[in-house]
Amino acid sequence: MSTTTIIGISGNINRPSKTSMLVNVILDEIAHRHLGQTDFYDLLDAAPGSFDPGTPYGTPNHLVDAIEQADMLVVGTPVFKGGYTGLLKHVFDLVHPEALRGKPVILSATGGSNRHALVIEHHLRPLFAFFGALTVPTGIYMSASDLIETEADVRKKLGARIETAVSQLSAWQPQAIRQVSVVA
């Protein structure tokens, strides 16, 4: 039996990154529940200057392959001017339109205030709907007003929401979907 692969992607463009911290806490919860093998990609490592197909690890080809071959995704982005980062958009522009069909995805975002929380509903869900991905109902948004500085703060303030999203993700685990299909 093959292992489920869950890829976490942070569309941040700065370090340190609260978005990367949030995505990693979500991946930790997934690993804690033994839902599969997790791996994390920080898009800052694939900055536009390295978007040359002939360059080594960290290039969009490597990223795109990982995204397309993953069984599940956790995607996070900081919010800039009401939308996700251009770097995140660029990477997903390279993903084949059929590659994410039926793949479960947890959506997350970070922003300066709560007024940006709808980026998940108004920008990220439509992006993944285009691909035919299965976005879990619970999105995870973290604002600067949450006063979150450490992973422990993320767990304390957003732990219940993260647990809910991961539970929803586990219901769509490839093995669970196959079992439901066999029973039906």
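Use the structure listed above.
For every chain, the first residue of its written sequence is number 1, and the numbers climb from 1 along that sequence. The predicted origin of the model limits local features to residues at a pLDDT of at least 70 and limits the giving and counting of side-chain atom pairs to 80 or more, whereas totals for whole chains, interfaces and linings rest on all residues. To get the side-chain values, all heavy atoms of the structure are used, and hydrogens and water are removed first.

A. Inspection of the overall build of the chain at higher detail. Per the convention used, a helix needs a DSSP run of H or I reaching at least four residues, while a strand needs a run of E reaching at least two, with both numbered from the N terminus. Per the secondary structure count, the chain includes six helices and six strands. For the chain, the α and β elements follow one another from N to C terminus as β-α-β-α-β-α-β-α-β-β-α-α. Buried positions account for 48% of the 184 residues belonging to the chain. Sequence separation of at least 24 residues holds for 77% of the intrachain contacts in the chain that already meet a minimum separation of 6. Buried residues are those whose accessible area, probed at 1.4 Å on protein chains only, stays under 20% of the maximum for their type, while exposed residues exceed 50% and partly exposed ones sit between those limits. The contact definition used throughout considers only heavy atoms, calling two residues in contact when any of these lie within 4.5 Å.

B. Geometry of helix α4 (residues 119-131). In a regular helix each residue adds 1.5 Å, so 13 residues correspond to 18 Å; α4 covers 18 Å between its end C-alpha atoms and thus fits that length. We define the bend at each residue as the angle formed by axes fitted to the 7 residues ending at it and the 7 residues starting at it. Along α4, the largest kink reaches about 35 degrees and is centred on R125; proline P126 follows within four residues of it. Looking at the buried side of α4, the elements it contacts are β3 (72-78), α3 (86-93), β4 (104-111), β5 (134-135) and β6 (140-143). Looking one or two residues beyond α4, the residue adopting positive phi is G132, at roughly 75 degrees. Helix span, expected: 1.5 Å multiplied by one less than the number of residues in the helix.

C. Representation of the pattern of salt bridges within the structure. The term salt bridge refers to a side-chain nitrogen of Lys or Arg lying within 4 Å of a carboxyl oxygen of Asp or Glu. With the rule as written, the count across this model stands at eight salt bridges. Note that R15 and D42 form a salt bridge whose closest N and O atoms lie 3.4 Å from each other. Placement of the pair is R15 in the loop between β1 (5-10) and α1 (18-32) and D42 in strand β2 (residues 37-42), with a sequence separation of 27 residues. Judged by its relative accessible area of 51%, R15 is exposed. Look at D42 and you get buried, because its relative accessible area is 9%.

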